[in-house]
Amino acid sequence: MENKLNPEGSLSLSALLSAVPVRNESVRWEKESIKTIRVYVPLRTKWFMGPPFSWLFKFSRERAVELDVLGTEVWNMCDGKTSVEIIVEAFAKAHKLTFHESRLSIMEFLRLITRRGLIVLVGTNPQEALH
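Here is a short report on the structure shown in this document. A quick note: this is a predicted structure, and the numbers were derived from the prediction, not measured. (Residues numbered from 1 in each chain as written. Predicted model: local features only at pLDDT ≥ 70, side-chain atom pairs only at ≥ 80, totals over all residues. Heavy atoms only, no water.)

### Things to note about the pairing of strand β3 (residues 37-42)
Right, so step 1: As paired elements, strand β2 (residues 28-31) and β3 share four bridges and run antiparallel to each other. Opposite R28, over in β3, you have Y40 as the bridge partner.
Right, so step 2: Here β2 folds back onto β3 in antiparallel fashion, the turn holding five residues.
Right, so step 3: Taken together, the six bridges between β3 and strand β4 (residues 62-67) define a ladder with antiparallel strand orientation. Looking at the pairing, V39 lines up with V65 of β4. (Pairing = 2+ DSSP bridges. Helix = DSSP H or I, 4+ residues; strand = E, 2+ residues; numbered from the N terminus.)

### As for the packing of aromatic side chains
Right, so step 1: Under the criterion given, the structure shown has one aromatic pair.
Right, so step 2: Here the aromatic rings of W29 and W75 are separated by 5.4 Å at their centres, their planes lie at 75°, and the arrangement is edge-to-face. Of this pair, W29 sits in strand β2 while W75 sits in helix α3 (residues 69-77), placing them 46 residues apart in sequence.
Right, so step 3: By relative accessible area, which is 40% here, W29 ends up partly exposed.
Right, so step 4: Residue W75 is classed as buried on the basis of its relative accessible area of 0%.
Right, so step 5: Above the plane of the ring of Y40 lies R28, whose end atom (NZ or CZ) is 4.0 Å from the centre. (Phe/Tyr/Trp six-rings, centres within 6.5 Å; stacked < 30°, edge-to-face > 60°. Buried < 20%, exposed > 50% of the residue type's maximum accessible area, 1.4 Å probe, protein only. Lys NZ or Arg CZ within 6 Å of the ring centre and 35° of its normal.)

### Some points on the side chain of S102
Right, so step 1: Note on placement: S102 falls in helix α5 (residues 99-115).
Right, so step 2: A relative accessible area of 0% places S102 in the buried class.
Right, so step 3: Not counting residues up to four positions away in its chain, the partners in contact with S102 are V88, F91, A92 and L97. (Contact = heavy atoms within 4.5 Å.)

### Some details on the pattern of salt bridges
Right, so step 1: Using the criterion set out here, one finds five salt bridges in the structure.
Right, so step 2: The salt bridge involving R28 is made with E30; its shortest N-O contact spans 3.5 Å.
Right, so step 3: Note on E30: relative accessible area 36%, which makes it partly exposed.
Right, so step 4: A salt bridge links R38 to E32; its shortest N-O distance comes to 3.5 Å.
Right, so step 5: Judged by relative accessible area, R38 falls into the partly exposed class, the value being 24%.
Right, so step 6: The class for E32 is partly exposed, based on a relative accessible area of 35%. (Salt bridge = Lys/Arg side-chain N within 4 Å of Asp/Glu carboxyl O.)

Coordinates in, geometry out; function isn't part of it.
Dropping the structure here:
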């Protein structure tokens, strides 16, 4: 079995590029404008969010994240089938970037939306989930 970790303990670049971004099934999204969307991520309910505090205070049950035009473009490619490498190549071609310039932008954006709970990166091995 191939070791996908590099010496620092993080995943290798090839493992990250072959991973597939999958949208969190519990998020919902809606068009904000013609080219942007707003994604709503459900929040975990804390003990103090129930009665009697909920009678006095209104607690948000979700957090909204608005994606700009480029974020929306990448979000639309996160369909659970397209690998990170294909997304990087498509983004590079659409915006006349080199593969490496595109990879830097896409990887940082995917890291951000993974931390916010919008997606999870799933490895090529079905038992391998990267988050």
